Amino acid sequence: MIHELIHNALNKQINAEFTAWYGYLGMAAWCSGKQLHGCAKWLRGQAQEEHSHAMKLYEFLVARNLNVQLLPLDEPRTEFDSVVDIFQEALKSEEKNTKRIHKIFELAMEQKAFASLVELQWFITEQVEEEATARDNLAKAELVADDPAAVLDLDEILGSRKLKLQPAS
Ligand SMILES: [Fe+2]
Ligand SMILES: [Fe+2]
């Protein structure tokens, strides 16, 4: 039987992943309002990934016959100063999420929760990629920050993102 502390932590992580989903949607909405449709598409794709992360943990709990708790979500930011502001917020939230996942991993190690450790390992690897992408986007946004023509180019590049996932069913 999975330790109660891990069970609670995983339920909270489901909430954190849905919070990230909501956060990226808030960023996408701001971009759409500024007619930055490429950035909006990229951020909606990212939101979709976060949704799939939440569902991966949800399915893990279901498979282990454990209760899924769907905790309330805070209202995300939908007001930003610039594209730089957006990607700063994105990096900050990814870094926070990495720390959270490392903490749960540590707890799972202490509790010898082997199945949870294997499950969480996927998230640790994923966060390395997520942080690298977030840093890359922020660096690019900072480079083009004061040049509207370059921002439009970046918008087009981000808009060409191929989504890995199908829309959630
Ligand atoms: Fe995630
Ligand atoms: Fe993420």
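As shown above, the structure is provided for reference.
The paragraphs below set out a description of the structure included in this document. All of these numbers come straight from a predicted model, not from anything done at the bench.

Conventions and cut-offs
Residues numbered from 1 in each chain as written. Chains lettered and ligands numbered in written order. Predicted model: local features only at pLDDT ≥ 70, side-chain atom pairs only at ≥ 80, totals over all residues. Heavy atoms only, no water. Helix = DSSP H or I, 4+ residues; strand = E, 2+ residues; numbered from the N terminus. Rg over C-alpha atoms; globule rule 2.2 N^0.38 Å. Buried < 20%, exposed > 50% of the residue type's maximum accessible area, 1.4 Å probe, protein only. Contact = heavy atoms within 4.5 Å. Areas by Shrake-Rupley, 256 points an atom, 1.4 Å probe, with all protein chains shown as cover. Lys, Arg positive; Asp, Glu negative; His and termini not counted. Charge placed at Lys NZ, Arg CZ, Asp CG, Glu CD. Core = buried A, V, L, I, M, F, W, Y, C linked by side-chain atoms within 4.5 Å. Donors = N, O, S within 2.8 Å, 3.2 Å for Na, K, Ca; no water. Tetrahedral: all angles 85-135°; square planar, octahedral: opposite > 155°, others 65-115°. 1 Å grid on protein atoms, 1.4 Å probe; cavity = no way out; pocket = protein on both sides within 12 Å on 5 of 7 lines; lining within 4 Å. Points joined across faces, edges and corners; volume = space filled by probe spheres on them. Nonpolar A, V, L, I, M, F, W, Y, C, P; charged D, E, K, R; others polar. Salt bridge = Lys/Arg side-chain N within 4 Å of Asp/Glu carboxyl O.

We now examine the overall build of the protein. Of the regular secondary structure elements, the protein holds five helices and zero strands. The N-to-C order of helical and strand elements in the protein reads α-α-α-α-α. Taking 15 Å as the expected radius of gyration for a compact globule of 169 residues, we find that the protein reaches 17 Å, a close match to that expectation. By its C-alpha atoms, the protein is 55 × 30 × 25 Å across when sized along the principal axes. For the protein, the proportion of its 169 residues judged to be buried stands at 46%. In the protein, the share of contacts with a sequence separation of at least 24, taken over all contacts with a separation of at least 6, comes to 79%. Of the roughly 9800 Å² of accessible surface on the protein, a fraction of 55% belongs to carbon and sulfur atoms. For the protein, the separation between the mean place of its 18 positive charges and that of its 27 negative charges on side chains is 4 Å.

If you look at the biggest cluster of nonpolar residues, it comprises 26 residues, and the most contacted ones within it are Cys31, Leu43, Ile86 and Phe87. Contributions of two or more residues to this core are made by helix H1 (4-33), helix H2 (37-63), helix H3 (83-110), helix H4 (114-144) and helix H5 (148-159). Excluding its chain neighbours within four sequence positions, the residues that come into contact with Ile86 are Met27, Trp30, Cys31, Leu43 and Phe80. One finds Ile6, Ala9, Leu10 and Ile101 within the second-largest nonpolar core, a separate group that totals 19 residues.

All right, on to the coordination of the iron ion (ligand 2) then. The coordination sphere of the iron ion (ligand 2), as far as protein atoms go, consists of Glu50 (OE), Glu94 (OE), Glu94 (OE) and Glu130 (OE), spread over 1.9 to 2.4 Å. Of note is the iron ion (ligand 2), whose four donor atoms meet at the metal with angles of 56 to 143° in an arrangement that counts as irregular. Mapped onto the polypeptide sequence, the residues donating to the iron ion (ligand 2) form the spacing pattern E-x43-E-x35-E. In this structure, the iron ion (ligand 2) is positioned 3.4 Å from the iron ion (ligand 1), and both are ligated by Glu50. Taken together, the positions of Glu50 in helix H2 and Glu130 in helix H4 put the pair 80 residues apart, joining distant regions of the chain. Glu50 sits in the buried class, given a relative accessible area of 0%.

The next point concerns the layout of surface pockets. If a probe as big as a water molecule is rolled over the atoms, it shows which places are left empty. If you add up the space inside the largest pocket, you get close to 410 Å³. Listing elements by their share of the lining of the largest pocket, those giving two or more residues are H1 and H3. Here the lining of the largest pocket gets seven residues from one element, more than from any other, and that element is H3. A breakdown of the residues in the lining of the largest pocket according to their chemical character gives six nonpolar, four polar and nine charged.

This model, assessed by the stated rule, comprises eight salt bridges. Note that Glu131 is salt-bridged to Arg135, the shortest N-O span being 2.6 Å. Remark: Arg135 and Glu131 occur in helix H4; sequence separation between them is four residues, near one turn of the helix. Residue Glu131 is classed as buried on the basis of its relative accessible area, which comes to 13%. Exposure remark for Arg135: the relative accessible area of 40% places this residue in the partly exposed category.

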